[in-house]
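Geometric and topological summary
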Amino acid sequence: MAPASTPDISLARSAEVFFSIGSNYGDKEVNVSKGLAWLSNLLTDFKCSSVYATPDCHGGNKVYLNAVAYGKTILEPHELEALCKRFEADCGRDNAMRTLGNVPLDIDLVIYDANILRPNDFKREFFKIGYGLI
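Described in the following lines is the structure provided in the data block. Small disclaimer: the values here were computed from a predicted structure and weren't measured.

1. Observations regarding the packing of aromatic side chains
Counted according to the given criterion, the structure contains six aromatic pairs. Relative to Tyr 131, the ring of Phe 18 lies with its centre 5.0 Å away and its plane at 75 degrees, an arrangement referred to as edge-to-face. One end of the pair, Phe 18, is in strand β1 (residues 15–23); the other, Tyr 131, is in helix α5 (residues 125–133), and 113 residues separate them in sequence. For Phe 18, a relative accessible area of 13% corresponds to the buried category. Seen from their ring centres, Trp 38 and Phe 87 are 4.6 Å apart, and the 10 degrees between their planes marks the pair as stacked. With Trp 38 in helix α1 (residues 28–42) and Phe 87 in helix α2 (residues 77–90), this residue pair connects regions lying 49 residues apart in the sequence. Exposure class is identical for Trp 38 and Phe 87. Each is buried.

2. Focus: the environment of Glu 16
Within the secondary structure layout, Glu 16 lies in strand β1. Note on Glu 16: relative accessible area 38%, which makes it partly exposed. As a C-alpha pair, Glu 16 and Leu 36 span 20 residues in sequence and 16 Å in three-dimensional space. Leaving out residues up to four positions away in the same chain, Glu 16 has contacts with Tyr 70, Gly 71, Lys 72, Ile 111, Tyr 112 and Asp 113.

Analysis parameters
- Residues numbered from 1 in each chain as written.
- Predicted model: local features only at pLDDT ≥ 70, side-chain atom pairs only at ≥ 80, totals over all residues.
- Heavy atoms only, no water.
- Phe/Tyr/Trp six-rings, centres within 6.5 Å; stacked < 30°, edge-to-face > 60°.
- Helix = DSSP H or I, 4+ residues; strand = E, 2+ residues; numbered from the N terminus.
- Buried < 20%, exposed > 50% of the residue type's maximum accessible area, 1.4 Å probe, protein only.
- Contact = heavy atoms within 4.5 Å.

As structure tokens, then:
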């Protein structure tokens, strides 16, 4: 019996994706840069906006640093979201931080293959600014 062949993932259909990256706690510039570097290794055809500051969209007094990243992937949305949440946790995001409103790193999948998965984020300045820069 011949060994099972490995599928050629280069033939798999790639989805275009856009992520929102933000931080309001610790070394925000380093945190956003870490998120962008991580996404650049996860996605093909990676592009990102510059990093920019925005006010807290929930009315708090913490300034966020944000960016938007674009790329292509063969992963499904639920796989991407799980990987993002695991990476956020690795960067210090946990329930205690959430309770305090501290966000070391937040990475959200906003658009997957022209489908807006997070319509509220899509409408907010922290996403619109970076989306317009890509």
